[in-house]
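Okay, here's what each chain looks like letter by letter:
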Amino acid sequence: MAFNHLPACVHDALTPLSVTPVTHSVPMAKNHRSDQPVPDPASRPSPGAVLGRLASGPSRAARITHTEHLPPRTGRHAVWPDRIRSEVIAAVRERGIEHPWAHQALAAEHALDGDSVVVATGTASGKSLAYLVPVLSTLLEGSKAPNGRGATALYLSPTKALAADQCRSVKELSQPLGTAVRPAVYDGDTPYEEREWVRQYANYVLTNPDMLHRGILPSHPRWSSFLKSLKYVVVDECHTYRGVFGSHVAQVLRRLRRVCARYGSSPVFLLASATAAEPAVGAGRLTGLPVVEIADDASPRGELVFALWEPPLTDLHGEKGAPVRRTATAETADLLTDLTVQGVRSVAFVRSRRGAELISVIAQEKLAEVDRSLVRRVAAYRGGYLPEERRALERALHSGELLGLAATTALELGVDVSGLDAVVICGYPGTRASLWQQAGRAGRSGQGALAVLVARDDPLDTFLVHHPEALFDRPVESTVLDPDNPYVLAPHLCAAAAELPLTEEDLELFGPACADVLPQLEAAKLLRRRTRAWHWTRRERAADLTDIRGGGGRPVQIVEEGTGRLLGTVDEAAAHSAVHEGAVHLHQGRTYLVRSLDLADSVALVEQADPPYSTVARDTTAISVLETDTEIPWGTGRLCYGSVEVTNQVVSFLRRRLITGEVLGETKLDLPPRTLRTRAVWWTVTEDQLDEARIGPEILGGSLHAAEHASIGMLPLFATCDRWDIGGVSVPLHPDTLLPTVFVYDGHPGGAGFAERAFHTARAWLTATREAIASCECDAGCPSCIQSPKCGNGNDPLHKRGAVRLLTTLLREAPEPTASPKETAPASGRGPGADAQGTGG
């Protein structure tokens, strides 16, 4: 049985193992820039006035289901610790910051005391200054040492854009300090001729976990001088390190601590996070160290008006005659267009790269009808662009040349966007933490801000815009992860052994799962024990065994067929559904058709075209139970959690008309299946329960299938995941359970924590699922309740009323919620999740 996303040598080594309020707009925002004039907040329209113009007209006004007003808040000042060097305080004052907020001063005090600390306050609350001041003071102190290089610091960010922007800010802030602070970016975009200078002379190196994993740690002898003097490790936006990605980063940080100890250093970790529940717990699990928590936000904020917006129903009908709402993509493009015409600086956050491109294209076309000069004021920003394209867009955003931007989360954590007045969020981003992070991008210059969440035609989005208390009256989620996942741990043990022979004393650092994984790596001849240490045995680089983003495999290059020009890349895991033959691919506002996908050479050939449709891949899924870890009775049925093997295959794609989403046709594909071992939650029902629910054989499959679709759509509200990171299968008679069964599984090898959270919140999760189906205004099912955009069976069969009766009966006998022994959380990237009926019919 194969394990996707790891090289064959590691596949063979592994056998199955068990394994609040938003804040923004402060004078010392993260990337405050002196070269940008800060507009007078009084000169800008109020967020309420902007929303009023967007909602003008009876049809528009009816789309707003709720408006939340968050009042402004005053700040609380403090003084910097007296151990901060006066030169640093003077440099901060030159930036217009006379006194720190209380949480900044407290964080600096802990950092100087040698305590690892996490600052978990709202967006634009000055977290960067909280760690920069003690770091710069320490670097300045070290520069005056008579011998040696002096102190060094390492900055880690989840994106290249954020590291580049932070480097600009550090250079500006430290300019009065002369050459005492020498910041430099070291990532995949850094020219090779500059890398040697960075290694030898930079004392504040800004990079990302990927470069630390693949570049710095494997070459640690060349970095010995830097690592020997390492005093601080800054981990920015640490709430993004969750699930599979976060678990990988946790092991990378343990490898860093081990190598630093080899050179005699023990750096203090300074972490910055958006507002999160139990930030010290998540930060401690990420670093493996005790962490002090600072979560009392003392910064001021302006007024925030937050509107929930539901697109209207159209006259069109979708699959099985279901009513179709106007797409969130089209609605967001309209709002971005209107905001641009008003001169309101805005960002529209979109969940997918294609969505960002599409919104940009639609907005530009609409703006051309109003004023052609406005067309160039709107653009798209996403991952996969070439470095020079990203930098050009960042400069245009900084200068104000761009008024509107359609962006993926690459910008959510990316560059300084001070001066924005509005944020439009196209579809719920998966977690409340991410929702507030995106909303907080606006209003960072002291003015009020508008945020609009545009609901997709999806069970969760529909539920949220009609149940605002689920967004505004509940705390944000915990940032949690599972470094003991054997699929994560195994390649990092190999990488650690390649860096320095792995001793028994090291095993405590990497966690208790080492005892199970090491013998398998030895048996596979990846590691060999000699006397008291394990050694890497292969000639290839151990760091290449895994992609810490969780995707694995070689990225597929997207190449223009006629010119041979490289347009960008797509993760190998997403290639089957994103760049299959016939797929529509958008790049920089231009539309391309994929002519061929060569999986062996990891190349997709495209040519420029202008089709009047978009494409959506469809897949089928089969599942088998490998091991049941836990099960509890739900009446005569059972709720179970354990290990499964999922076989997924992209079988076709739909062509959907732009703007309306109308299905124009389906084309078959011939792509190989992908096999995944992961974790799942499943529930079974018995004949007695089916009789009580009045469900006969003729509607059983449709009832299970409808409940499966809706439960996948609702799980992100409870498991802090994205519906595209999870998959499901429903089977009227599953061969392993011998009963009607619904499975929901994690879309990542070894699991990512969604299914475990689903198991421990099953009663609340399935109750919300039942309510979402029952309260939907449609007659027989629609995308707002039980239809899925990725169903491999074409949303057939589905039975809405049967699903409601089935869940009602099941929940009547549900036990009280169970306490989770170990909470885990979702991955940040997309997995190969699908939701198809198990029979494939």
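Above this text you will find the structure in question.
Report on the accompanying structure.

## So, the overall build of the protein chain
Line of reasoning, step 1. Summing up its helical and strand segments, the protein chain has 29 helices and 30 strands in all.
Line of reasoning, step 2. Here the protein chain displays about 29800 Å² of accessible surface, and carbon together with sulfur accounts for 51% of that area.

## Topic: the packing of helix H25 (residues 697-714) against helix H29 (residues 800-812)
Line of reasoning, step 1. As a packed pair, H25 and H29 sit with axes 8 Å apart at the nearest point and diverge in direction by 75 degrees. The angle between the axes of H25 and H29 places the two elements in the roughly perpendicular class. Only Gly802, Ala803, Arg805, Leu806 and Leu807 of H29 make contact with H25, whose side of the interface consists of Ile699, Ser703, Leu704, Ala706 and Ala707.
Line of reasoning, step 2. Residues that form the contact of H25 with H29 fall into these classes: 7 nonpolar, 2 polar and 1 charged.

## A closer look at helix H6 (residues 127-143)
Line of reasoning, step 1. Taking 1.5 Å per residue as the helical rise, H6 with its 17 residues ought to reach 24 Å, and the 25 Å between its terminal C-alpha atoms agrees with that figure.
Line of reasoning, step 2. Counting buried positions over the 17 residues of H6 gives 15, a clear majority of the element.

## Digging into the sheet that holds strand E13 (residues 378-381)
Line of reasoning, step 1. Overall, mixed pairing links the 7 strands, which are arranged E1-E9-E16-E15-E12-E14-E13 in an open sheet. The open sheet has two edge strands with one neighbour each: strand E1 (64-70) and E13. The mean angle between the axes of side-by-side strands here comes to 15 degrees, regardless of whether they run parallel or antiparallel.
Line of reasoning, step 2. Examined bridge by bridge, E1 and strand E9 (residues 304-309) share 6 bridges and lie antiparallel to one another. Within E9, the residue paired with Glu68 across the bridge is Phe306.

## Comments concerning the side chain of Ser157
Line of reasoning, step 1. As for its placement among the helices and strands, Ser157 is situated in the loop between strand E3 (152-156) and helix H7 (160-174).
Line of reasoning, step 2. In this structure the side chain of Ser157 is engaged in a polar contact, spanning 2.6 Å, whose partner is the backbone oxygen of Thr159.
Line of reasoning, step 3. Excluding anything up to four places from it in sequence, Ser157 contacts Leu162, Ala163, Thr207, Asn208, Pro209, Asp236 and Tyr241.

## Quick notes on the nonpolar core
Line of reasoning, step 1. If you look at the biggest cluster of nonpolar residues, it comprises 88 residues, and the most contacted ones within it are Phe306, Trp634, Trp683 and Trp765.
Line of reasoning, step 2. The leading source of residues in this core is H25, at 8 residues.
Line of reasoning, step 3. Other than its neighbours up to four places away in sequence, Trp683 contacts Arg638, Leu639, Leu704, Ala707, Pro740, Thr741, Val742, Leu766, Leu806, Leu807 and Leu810.
Line of reasoning, step 4. Formed by 39 residues, the second largest nonpolar core is a distinct cluster that contains Ile84, Tyr131, Leu140 and Ile294.

## Looking at the packing of H25 against helix H28 (residues 762-775)
Line of reasoning, step 1. Running from N to C, H25 and H28 point in directions that differ by 110 degrees, and their axes come no closer than 9 Å. With respect to H28, the element H25 is oriented roughly perpendicular. Once H25 is placed against H28, the crossing between them reads as right-handed. On the side of H25, the interface is formed by Ala706, Ala707, Ala710, Ser711 and Met714, while H28 contributes Trp765, Leu766, Ala768, Thr769, Ala772 and Ile773.
Line of reasoning, step 2. Per-class residue counts for the contact of H25 with H28 are 9 nonpolar, 2 polar and no charged.

About the cut-offs
- Residues numbered from 1 in each chain as written.
- Predicted model: local features only at pLDDT ≥ 70, side-chain atom pairs only at ≥ 80, totals over all residues.
- Heavy atoms only, no water.
- Helix = DSSP H or I, 4+ residues; strand = E, 2+ residues; numbered from the N terminus.
- Areas by Shrake-Rupley, 256 points an atom, 1.4 Å probe, with all protein chains shown as cover.
- Axes fitted to C-alpha atoms, helices over the stretch in contact; angles between N-to-C directions.
- Parallel < 35°, antiparallel > 145°, perpendicular 65-115°, else oblique.
- Contact = heavy atoms within 4.5 Å.
- Nonpolar A, V, L, I, M, F, W, Y, C, P; charged D, E, K, R; others polar.
- Expected span 1.5 Å × (residues − 1).
- Buried < 20%, exposed > 50% of the residue type's maximum accessible area, 1.4 Å probe, protein only.
- Pairing = 2+ DSSP bridges.
- Polar contact = N/O pair within 3.5 Å; in protein donor to acceptor, adjacent residues only side chain to side chain.
- Core = buried A, V, L, I, M, F, W, Y, C linked by side-chain atoms within 4.5 Å.
- Left-handed = near helix turned anticlockwise from the far one by under 90°.

The analysis is restricted to geometry; functional conclusions fall outside its scope.
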